[in-house]
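# Residue-level structural notes
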Amino acid sequence: MIRKRKADDKRQWFLYSANLRTKTLVIIAISILVIVSIFVSGYFIRDIPSNFASANQMPSLEHLFGTDWMGRDMFQRTIAGLGLSIMVGFIASAVSTCISVILGLFSSFNRVADEFVAGIIDLFGSIPHILLIILVSIMFGGGVYGVIMGVGLTHWTPLARVLRSEVKEIRTKEYIHLAENLGKSKVWIALKHILPLVVSQIIVGVILMFPHAIMHEAAITFLGFGLPPHEPAIGVILSESMHYLSSGYWWLAFYPGVSLLLVVLLFDLIGENVEKLLNPETAQE
C-alpha cells in the first residue's frame with residue numbers, strides 16, 4: 001500500500017512538472033492558431049458587399065458585430081482589418097529586426113563602432129515615436145508601403161539596445177579574445193561566436209515587437225497619416241466610427257477596438273511564454 005502510494009505521488013509529481021511546460025506550449029500553439037486564422041480569413045475577405053437596407057444594425061446573430069452606415073458587416077470588416085494589420089506588423093517587424101541585428105553585431109567590431117551604434121540609438125530614441133513614424137511614412141509616399149517602412153524603420157531601437165548590451169558582455173569572454181589572437185576577422189567572430197548566443201533575444205524581441213507595430217500602424221492610420229481610406233484597416237474603421245458615436249452606434253468602434261486589443265494581447269502572451277521556454281532558468285520547470 002505504501003509502495004503504491006509512493007508510485008502514485010511520483011506519477012502525480014511527474015504530470016505536474018510536465019504540465020508546466022505543456023501548458024506553455026499549448027498557450028503558444030493556441031495563440032498562434034488564432035492569429036493565423038485571423039490573418040488567413042482576412043486575406044480571403046476582399047469585397048464586402050453593401051446593403052443600405054440593413055445599415056446601422058445592432059449586433060445580432062446575423063451580424064455579430066452589427067453593420068455600418070453602408071450596411072457592411074462589421075465582423076467581416078474587422079477580420080479584414082486585423083489581417084491587414086498583422087501583415088503590416090510582420091513585415092515591419094522583419095525590417096526592424098534586420099536593422100537591430102546588423103547594428104548589434106556591428107557594435108562588436110570595436111569601441112568606435114559601439115559608440116556609433118549607441119549614438120544612433122539615442123538619436124532615434126530622442127524623437128517622438130509617432131511623429132517619426134508619420135514623417136518616415138510620408139517620405140515613402142504613404143499607403144501600405146509607406147506605413148510598413150515608417151513602422152519598420154522606427155521600431156528597432158529597443159531590440160538594438162538589448163543586443164548591444166548582450167554583445168558587450170559576450171565581447172569580454174575569453175574565447176572571443178582567443179579568436180582575435182588567431183587572426184579571425186571581426187565579421188567571422190560576429191557571425192560564428194556572437195550571433196548564435198543572441199538568437200533567443202532576437203526571437204523574443206521580434207515577437208514583442210509585433211504588438212507595438214500593430215498599435216502604431218492603427219494609431220497613425222486613425223490620425224489620417226497611414227493607410228488610405230479604401231483599405232479595410234482597423235485605424236480607418238475607428239476613424240470613420242467617430243462620426244457616428246454621438247448617434248449611439250457604439251458597436252462601430254467597440255468591437256474593432258476590442259478585437260485589436262485582443263490580438264495585441266495574444267502577441268504579448270506568445271512573447272512571454274516563448275521567453276519562458278528560451279530562458280535557461282525556467283525552461284526546465
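Our subject in this report is the structure included herewith.

Parameters and conventions
- Residues numbered from 1 in each chain as written.
- Predicted model: local features only at pLDDT ≥ 70, side-chain atom pairs only at ≥ 80, totals over all residues.
- Heavy atoms only, no water.
- Salt bridge = Lys/Arg side-chain N within 4 Å of Asp/Glu carboxyl O.
- Core = buried A, V, L, I, M, F, W, Y, C linked by side-chain atoms within 4.5 Å.
- Buried < 20%, exposed > 50% of the residue type's maximum accessible area, 1.4 Å probe, protein only.
- Helix = DSSP H or I, 4+ residues; strand = E, 2+ residues; numbered from the N terminus.
- Contact = heavy atoms within 4.5 Å.
- 1 Å grid on protein atoms, 1.4 Å probe; cavity = no way out; pocket = protein on both sides within 12 Å on 5 of 7 lines; lining within 4 Å.
- Points joined across faces, edges and corners; volume = space filled by probe spheres on them.
- Nonpolar A, V, L, I, M, F, W, Y, C, P; charged D, E, K, R; others polar.
- Expected span 1.5 Å × (residues − 1).
- Arc of directions from axis to C-beta.
- Polar contact = N/O pair within 3.5 Å; in protein donor to acceptor, adjacent residues only side chain to side chain.
- Phe/Tyr/Trp six-rings, centres within 6.5 Å; stacked < 30°, edge-to-face > 60°.

### Examining the pattern of salt bridges
Within this structure, the stated rule accounts for six salt bridges. Here E180 makes a salt bridge to R171, at a shortest N to O gap of 2.7 Å. Two residues, E180 and K186, come together in a salt bridge whose shortest N-O distance is 3.4 Å. Sharing partners across several salt bridges, the network here consists of D68, R72, R77 and E240.

### A look at the nonpolar core
Most often, soluble globular proteins keep nonpolar side chains buried together rather than apart. Membership of the largest hydrophobic core comes to 25 residues, with the highest contact counts inside it found for I214 and V263. Sorting the residues of this core by element identifies α1 (2–44), α2 (74–106), α9 (199–222), α10 (234–241) and α11 (251–278) as the ones contributing at least two each. The leading source of residues in this core is α11, at ten residues. Among all residues touching I214, those that are not within four sequence positions of it are S85, I86, G89, L260, V263, V264 and F267. Counting residues in each nonpolar core, the second largest holds 14 residues, with L159, A179, A190 and I202 among its members.

### So, empty space enclosed by the protein
Applying the stated rule across the entire model yields one cavity of 30 Å³ or more. Counted as a void, the largest cavity has a volume near 30 Å³. Considering the residues around the largest cavity, the lining is formed by S100, V101, G104, L105, L163, V167, L195, V198 and I202. Every element with two or more residues in the lining of the largest cavity is listed here: α2 and α6 (157–170). The element that contributes the greatest number of residues to the lining of the largest cavity is α2, accounting for four residues. Class assignment of the residues belonging to the lining of the largest cavity gives a composition of seven nonpolar, two polar and no charged.

### A few points about the layout of surface pockets
Put simply, the largest pocket is a space of about 520 Å³. Lining the largest pocket are 23 residues, and of these L159, V162, Q201, V204 and G205 lie nearest its centre. For the lining of the largest pocket, the secondary structure elements donating two or more residues are α3 (111–126), α4 (129–139), α6, α9 and α11. Top contributing element to the lining of the largest pocket by residue count: α9, with seven residues. Within the lining of the largest pocket, the residues separate by chemical class into twelve nonpolar, ten polar and one charged.

### Concerning α3
Look at α3: 22 Å from first C-alpha to last across 16 residues, which is about the 22 Å you get at 1.5 Å a residue. When we look at burial in α3, the residues that qualify are A113, D114, V117, A118 and I121. Mapping the buried residues of α3 onto a view down its axis gives an arc of 135°, with all of them on the same face. Away from the buried face of α3 by more than 90 degrees, exposed residues R111, V112 and S126 are located. Sitting at the head of α3, N110 places a side-chain oxygen 3.2 Å from the backbone nitrogen of V112.

### Section: the packing of aromatic side chains
Going through the model one piece at a time under the given rule, you end up with 16 aromatic pairs. Ring centres of W69 and Y244 lie 4.6 Å apart, and the angle between their planes is 10°; this geometry places the pair in the stacked category. In this pair, W69 is assigned in the loop between α1 and α2 and Y244 in the loop between α10 and α11, connecting sequence segments 175 residues apart. What makes Y244 partly exposed here is its relative accessible area of 23%. On the basis of an interplanar angle of 75° and a centroid distance of 5.9 Å, the ring pair of F140 and Y145 is categorised as edge-to-face. Following the ring pairs from residue to residue traces out a cluster consisting of F65, W69, F75, Y244, Y249, W250, W251, F254 and Y255.

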